[in-house]
Amino acid sequence: MHLNTLKPAAGARKARVRVGRGIGSGLGKTAGRGHKGQYARAGKGKVKPGFEGGQMPLQRRLPKIGFRSQKAHEVSEVLLYKLDALKVDVIDFAALREAGLIEKRAERAKIVKKGEITRAVKLKGVAVTAGAKAAIEAAGGSVE
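Residues numbered from 1 in each chain as written. Predicted model: local features only at pLDDT ≥ 70, side-chain atom pairs only at ≥ 80, totals over all residues. Heavy atoms only, no water.

**With respect to the environment of Leu3**
For step 1, the next point in the chain: Examined against the element boundaries, Leu3 turns out to sit in the segment before helix 1 (58-61).
For step 2, the next point in the chain: For Leu3, a relative accessible area of 77% corresponds to the exposed category.
For step 3, the next point in the chain: For the pair formed by Leu3 and Glu74, sequence separation is 71 residues and the distance between their alpha carbons is 67 Å. (Helix = DSSP H or I, 4+ residues; strand = E, 2+ residues; numbered from the N terminus. Buried < 20%, exposed > 50% of the residue type's maximum accessible area, 1.4 Å probe, protein only.)

If you want it as structure tokens, here you go:
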């Protein structure tokens, strides 16, 4: 076997069909596309995604639903029972971020009452719900 004798197996490479080359070829005139119509046109009859031939498309028949607030990521909620695990006594925004309890893109934090707190903590510059404030003060802590 030599490199100059290599060739594909018989029937592996099919000759391309040359359309529109006269009546004798069998694919002359309309070149196998038929007469007129969408698929007879140049561009293979490609239409915009979702186009339904002039019928009102599905994405326009369905109602618009939902809303995603762009401000939702500004405030990050912190659950009350997670404050127990923090080793510091004075808890502020920086301490919560350092502990990994709030998102990176959050600008403010709010303590929400879920679970119990057993030790006294002092909150500074963090929003607190009424229930969480009562629980913190009941444990001997304070909120500024």
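Let's pick the thread back up.
**So, the pairing of strand 1 (residues 75-79)**
For step 1, the next point in the chain: Alternating positions in strand 1 separate cleanly, Ser76 and Val78 being buried on one face and Val75, Glu77 and Leu79 remaining unburied on the opposite face.
For step 2, the next point in the chain: With 5 bridges connecting them, strand 1 and strand 3 (residues 108-112) associate as parallel partners. In the strand pairing of strand 3, Ser76 is matched with Ala109. (Pairing = 2+ DSSP bridges.)

**Here we look at the sheet that holds strand 4 (residues 122-123)**
For step 1, the next point in the chain: Taken in spatial order, the 3 strands make up an open sheet running 2-4-6, and their pairing is parallel. The sheet is open, and its two borders are formed by strand 2 (90-91) and strand 6 (142-143), each paired with just one other strand.
For step 2, the next point in the chain: As paired strands, strand 4 and strand 6 are joined by 2 bridges and run parallel to one another. Considered in strand 6, the bridge of Leu123 is made with Val143.

**Some thoughts on the environment of Ala132**
For step 1, the next point in the chain: Relative to the assigned elements, Ala132 resides in helix 3 (residues 130-138).
For step 2, the next point in the chain: Note on Ala132: relative accessible area 0%, which makes it buried.
For step 3, the next point in the chain: Linking Ala132 and Val78, residues 54 residues apart in sequence, is a C-alpha distance of 10 Å.
For step 4, the next point in the chain: Apart from the residues lying within four places of it in its own chain, the contact partners of Ala132 are Leu80, Ile111, Val112 and Lys113. (Contact = heavy atoms within 4.5 Å.)

**A few points about the pattern of salt bridges**
Side-chain pairs of opposite charge can arise whenever the charged atoms involved come near each other.
For step 1, the next point in the chain: Taken as a whole, this structure holds 5 salt bridges when the rule is applied.
For step 2, the next point in the chain: Between Arg108 and Glu74 there is a salt bridge whose closest N-O contact spans 3.8 Å. Of the two residues, Arg108 sits in strand 3 while Glu74 sits in the loop between helix 1 and strand 1, which places them 34 residues apart along the sequence.
For step 3, the next point in the chain: Classification of Arg108 as partly exposed rests on a relative accessible area of 45%. (Salt bridge = Lys/Arg side-chain N within 4 Å of Asp/Glu carboxyl O.)

**What about the sheet that holds strand 3?**
Working definition: the strands of a sheet are paired by backbone hydrogen bonds and lie parallel or antiparallel to each other.
For step 1, the next point in the chain: In space, the 3 strands of this open sheet follow the order 1-3-5, with parallel pairing throughout. Here the strands that pair on one side only, and so sit at the sheet edges, are strand 1 and strand 5 (127-128).
For step 2, the next point in the chain: In the sheet, strand 3 pairs with strand 5 via 2 bridges, with the strands oriented parallel. Its bridge partner lying in strand 5, Lys110 is registered against Ala127.

**Brief notes about a nonpolar patch on the surface**
For step 1, the next point in the chain: On the surface, a cluster of nonpolar side chains totalling about 450 Å² of accessible area is made up of Met1, Leu3 and Leu6.
For step 2, the next point in the chain: Within the fold, Met1 resides in the segment before helix 1. (Patch = residues over 30% accessible without salt bridge, like charges linked within 9 Å, V, L, I, M, F, W, Y side chains within 5 Å. Areas by Shrake-Rupley, 256 points an atom, 1.4 Å probe, with all protein chains shown as cover.)

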